[in-house]
Every structure is written in structure tokens, then in C-alpha cells.
Amino acid sequence: MKDIFDAEKRYENTLLEAKNFLNKKLKKPNGSSLNKERIDYLLSKNAECPICGIELEGANHNTEHIVPLTIGGKNILENKIQMCVICNYSRNQVMQALFPRPPLHKYYPEKWIDMKQFILWCELSIDEKELAADLIPSIHAKFMGYRTGGAEFPIQAKNSFGRESTWKVGDEPNYSFNQLLNNKKPISTSTNSKTSRSLALRFFDKIFGYEPNKENIPTQRTSIDDVKPMASTGMKRTTSIKQAINYPLKKLPDGVNKEAFIHAITELISYDEVSSNIIGNRIRKMQEDTGCDEVGTRPFLQNYGFSKSFGLVNAIKSCFGDQILIEGDGSCQRIRIIFPIVSGLNTKGKGLALPKDPEDFAKVLSQYCINQNKFELYSDVHDFFSEMMSKRKTNSTMTKLCLLLLPGNIEGPWREIDWKTAIKIEKASDLAMMIWEQSLERETDEEGNNINFLNKYFEQVIKHLNEEE
Ligand SMILES: [Zn+2]
């Protein structure tokens, strides 16, 4: 398959079904997950998310409808795949960003071109990830923006299962990565892909049967396939990172891929407090797992553009700046990522001051859910939060909570609101998802780092909440 026309041919049936669904204004069918036997089997095989490669465990995974049901996808085995909740969530975000609220038939056929591109991306991103990036770069960049802040995934799935229809209990992991393994091009470089030609050029190639030499592909891009990286969308930067510099800052050497390095280290450290030795061990393990020729911290650093002798801790200091805490040295060294206080849930307000530790926030949210029926007045909720959070955090969190749970009342003075009318939340993790979603909608950052942190923060909040349930 070479171009978008081939993709349209390949997924002709899905497109026809979507058109039919929209044209006839059909109702979205009910969706269902993979059955328990299959899910248990996935877990017993230590299956990984086919998109990002993290291991599926506990409740960190969901069944995704590859083509969403609201745009004509079917609730059938061919259209289901199990993936991690964050990838699943980021895919949903792409759809929410592209289209107004469902039902989508209201925007058909006006928005059909966009819908078609989206459906093709949905399918290709499962079947041939690299092609999804090359053929539909703007949508793919959006997904990677939501998912990682635009950075490439540090690991690639090797032990995953594809569409539900392609395997049954007893089968080995079957997800094919031929594209990625044959050509180790990272997914996110698609945003700069030089081989992405304009749709118009491909169209004429098609008509005249001209098959250009790959080397001579024009590099200019035009028309609807023009790539719009997240950084240039002009969205406001609203996130602030708490200042906590506790060591001399290292100058970042020229030529270092800071964004990719931060992403890799963030994945390696996660929420632990670790020494540099432990990070070194994790680097080696990752290299072995991904079949790197050279193993060790030095090739790892060189890979991101550092000189051989720069040193891991120095590299971390130079890239993370005040986002990392490094205390002690030698065997007592403690390195920990500082999670940001995320602002900007409401662009008019001063922002949502999230507690620094995700676990604290998880506790507050679950306590809120347990007690929500007791709240009658604004002051009840305020008192409740102020017991657990600082005054400044309480005030800003309350403001945002009103916006989320009392959508009809945001004009009036909040203090007079009857809190009994607030939306009832069944699970604390739902409340966390709402806040996360609202935050992501408004958060962006030139380097994409803050989205990455925000994602990490909420991944951890939801992990704590799931552990509690
Ligand atoms: Zn994933």
C-alpha cells in the first residue's frame, strides 16, 4: 500500500458502513468488551498494549472499538482490540478534538472528508502504524500529542495481540510489527516526514500512472495533508511548573533531542525514587528488550545526542531542570520526578492547583465520592477539601469542581449554589477522568513536556484509585 487511495480501497467496506450509518441517522449500537476468558488469557500471557508497549495488568486496559461506534464502527470482533487505558483515552480525545459532539450525522456529509480521514487513521493505526503516520500525519500527530506530548514511545510492543477476530484463547501474541521492525523509524518522526507528499501530487501520480522514484519525492507539502505539529497550533501555554531547583543547572549541549530524552527517562523512572544505578539497570534492560546492538548508559546517551562522557545524571539535570529532584550522592542518591502543579483547567481562573503527589489527589477524590451525598452547601464541600488540601489548592480546585459538576450554574455566585444539584459521580476514577479530560483540553506546551507530565500524573491518580476499589 503506497498512498491514501490504496488505504481507501483497503477499508472500502468500513467507509461504506460509516456512510450508511451517518446517512440513515442510525443510533449508536451498544458496545461490549472482550469476554472475560479472553481478557484473563491476555493477562496470563503478559500481553502488552499494542500501541505503546506497556504491559496490560490490573485494570489499566480497556477494549477499544477500532472505528468508534459513534461514527459507524460495529460492535464486532473485527473491530475490537484490547489496549491500555491511556492509549484508548488518547484515541477518544482525537475524535473529540476533530468533531463536534455526537450524533455525527448532523455534520454529514459536510464533514465527510474529515470523517473519512479519521476512519482511515483509526484502522491504519492498528494495522500499519507507520503508514498511519505517513498517510494521515495531522491526525497521527494529534494522537501522539495527546498520548506522549509528541515524543516517540521509548519501547515498542513485542508481545501484543491484534484485533480480537485475529486470535483466540491459546494463541500466541500475534500483533504484527513488520513495518516498524523492518524500518526502525520512530512513529513520531512522521510529523517531519519528508516522504509525505501532497494529496494533489499523489492524485496526479495516480491519474497518469506515474510512480516517482522514492529519492526524488518532492519535499514540499500542501493541501489537507499539510502537517501541523502541536507546537504551532497557537494554543495558549497555561501550565506552570513549580520551581524547585536544588542543584546547579547543567547547560544543555547542542544537538540533544531533549524532548525524546525526557520522555524516555520519565518512562524509566516513573513514580519511583531511584538511584542513577537503578536508572542504568533499567536502561540496559530496555536496550536488551528492544534488541539494541550496544547496551549501556553511554550508547543510550549518545543516542539522544550527548557526548560519551557527559554522564547520566548530568544529562538528566540538563534536560529536566527544575522538574527533577536529585538528593544525596553515590549509593544514597535519590532521583525523583517532580510532578507539576497543573494550572489552566479554567483559562479565566488561576488554574487547578493539583496536589504534588498524585496519591494525595487520589485520596481526596475517593473521599469526595464517598461523601458526596452529604454535601448540601458550597461551604460543606469547601470545608471538606480544605481539611485535606492547602487553602490555595482548595479554592482553585473548588472553582474547577463547580465548573465540572454544576455546568448549568457557572454564571451565578458559587457560594450560593445548592450542592445537591451537583452531578453525582459513581466512581472516583470517573471524576479523575473528567478532570483529566478538562485539563488536557486546555493544556498544551511548546515542547509537549507538560502534557506528558499531566498524563503521567493522572495515570498515577487512576492507578491509585483502581487499587482502592
Ligand atoms: Zn498503550
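Residues numbered from 1 in each chain as written. Predicted model: local features only at pLDDT ≥ 70, side-chain atom pairs only at ≥ 80, totals over all residues.

Caption draft 1: Region of the structure containing the overall build of the protein. In terms of regular secondary structure, the protein is built from 18 helices and four strands. Expressed as a percentage of the 469 residues in the protein, the buried residues total 37%. The long-range fraction of contacts in the protein, counting pairs at least 24 apart against all pairs at least 6 apart in sequence, stands at 70%. (Helix = DSSP H or I, 4+ residues; strand = E, 2+ residues; numbered from the N terminus. Buried ≥ 20, exposed ≤ 12 C-beta atoms within 10 Å, placed from the backbone. Contact = placed C-beta atoms within 7 Å.)

Caption draft 2: Structural view of unusual backbone geometry. Of note, the amide linkage connecting Pro-102 to Pro-103 takes the cis form, showing an omega dihedral of 5 degrees. By the element assignment, Pro-103 lies in the loop between helix 4 (85–98) and helix 5 (112–127). For the bond from Tyr-108 to Pro-109, the omega torsion is 5 degrees, close enough to zero to count as cis. Counting through the fold element by element, Pro-109 comes out in the loop between helix 4 and helix 5. The backbone of Lys-25 sits at a positive phi, close to 50 degrees, despite the residue not being glycine. Structurally, the position occupied by Lys-25 is in the loop between helix 2 (12–23) and helix 3 (36–44). Positive phi outside glycine occurs at Asn-46, with the angle close to 55 degrees. When you line up the elements, Asn-46 lands in the loop between helix 3 and strand 1 (61–65). Assessed through the 11 C-beta atoms surrounding it within 10 Å, Asn-46 is described here as exposed.

Caption draft 3: Expanded view of the nonpolar core. Counting residues in each nonpolar core, the largest one holds 47 residues, and the members touching the most others are Cys-49, Cys-84, Ile-119, Trp-121 and Leu-124. At the level of secondary structure, the elements contributing two or more residues to this core comprise helix 1 (4–10), helix 2, strand 2 (80–84), helix 4, helix 5, helix 6 (129–135) and helix 7 (137–148). Excluding residues that lie within four positions of it along the chain, Leu-124 makes contacts with Ala-7, Leu-131, Ala-132, Leu-135 and Ile-136. Judged by nonpolar contacts, the second largest core, of 21 residues, contains Tyr-378, Phe-385, Ala-428 and Phe-458. (Core = buried A, V, L, I, M, F, W, Y, C linked by C-beta atoms within 7 Å.)

Caption draft 4: Examining helix 5 more closely. Here helix 5 spans 22 Å end to end across 16 residues, near enough to the 22 Å set by a 1.5 Å rise per residue. Taken together, the buried positions of helix 5 are Met-115, Phe-118, Ile-119, Leu-120, Trp-121, Cys-122, Glu-123, Leu-124, Ser-125 and Ile-126. (Expected span 1.5 Å × (residues − 1).)

Caption draft 5: Spotlight on helix 11 (residues 276–289). The terminal C-alpha atoms of helix 11, which comprises 14 residues, lie 20 Å apart, in line with the 20 Å expected from a rise of 1.5 Å per residue. Looking at the residues trailing helix 11, positive phi occurs at Gly-291, about 70 degrees.

Caption draft 6: Molecular detail of the environment of Asn-395. Here Asn-395 is to be found in helix 16 (residues 391–405). The exposure class assigned to Asn-395 is partly exposed, which follows from the 16 C-beta atoms found within 10 Å. When the C-alpha atoms of Asn-395 and Phe-385 are compared, they prove to be 8.8 Å apart, with 10 residues separating the residues in sequence.

Caption draft 7: Quick look at the packing of helix 2 against helix 5. Where helix 2 meets helix 5, the axes come as close as 10 Å, and the angle between the chain directions of the two elements is 135 degrees. Here helix 5 runs oblique to helix 2, going by the angle between their axes. Crossing hand, helix 2 versus helix 5: right-handed. Where helix 2 approaches helix 5, its residues Thr-14, Leu-15 and Ala-18 are matched on the opposing element by Met-115, Lys-116, Ile-119 and Glu-123. Residues belonging to the contact of helix 2 with helix 5 are distributed by class as follows: four nonpolar, one polar and two charged. (Axes fitted to C-alpha atoms, helices over the stretch in contact; angles between N-to-C directions. Parallel < 35°, antiparallel > 145°, perpendicular 65-115°, else oblique. Left-handed = near helix turned anticlockwise from the far one by under 90°. Nonpolar A, V, L, I, M, F, W, Y, C, P; charged D, E, K, R; others polar.)

Caption draft 8: Focus on the environment of Lys-400. Structurally, the position occupied by Lys-400 is in helix 16. In sequence terms Lys-400 and Ile-435 are 35 residues apart; their C-alpha atoms lie 8.5 Å from each other.

Caption draft 9: A look at the confidence of the model for the protein. Looking at the protein as a whole, its pLDDT mean stands at 75, while 73% of the residues score no less than 70. Per-element confidence in the protein is highest for strand 2, whose mean pLDDT is 94, and lowest for helix 8 (residues 178–182), whose mean pLDDT is 36. (pLDDT = per-residue confidence, 0-100.)

Caption draft 10: Spatial organisation of the packing of helix 10 (residues 258–269) against helix 13 (residues 312–320). Between helix 10 and helix 13, the shortest axis-to-axis distance is 10 Å and the interhelical angle comes to 115 degrees. In terms of orientation, helix 10 and helix 13 fall into the roughly perpendicular class. You can see that helix 10 and helix 13 cross each other, and the crossing is left-handed. Between helix 10 and helix 13, the contacting residues are Lys-258, Phe-261, Ile-262 and Ile-265 on the first element and Ala-315, Ile-316, Cys-319 and Phe-320 on the second. The residue makeup of the contact of helix 10 with helix 13, split by class, is seven nonpolar, no polar and one charged.

Caption draft 11: Fine view of the environment of Lys-129. Within the element layout of this structure, Lys-129 appears in helix 6. When the 21 C-beta atoms within 10 Å are taken as the criterion, Lys-129 is described as buried. Measuring from C-alpha to C-alpha, the distance between Lys-129 and Ile-51 comes to 8.4 Å, with 78 residues separating the pair along the chain.

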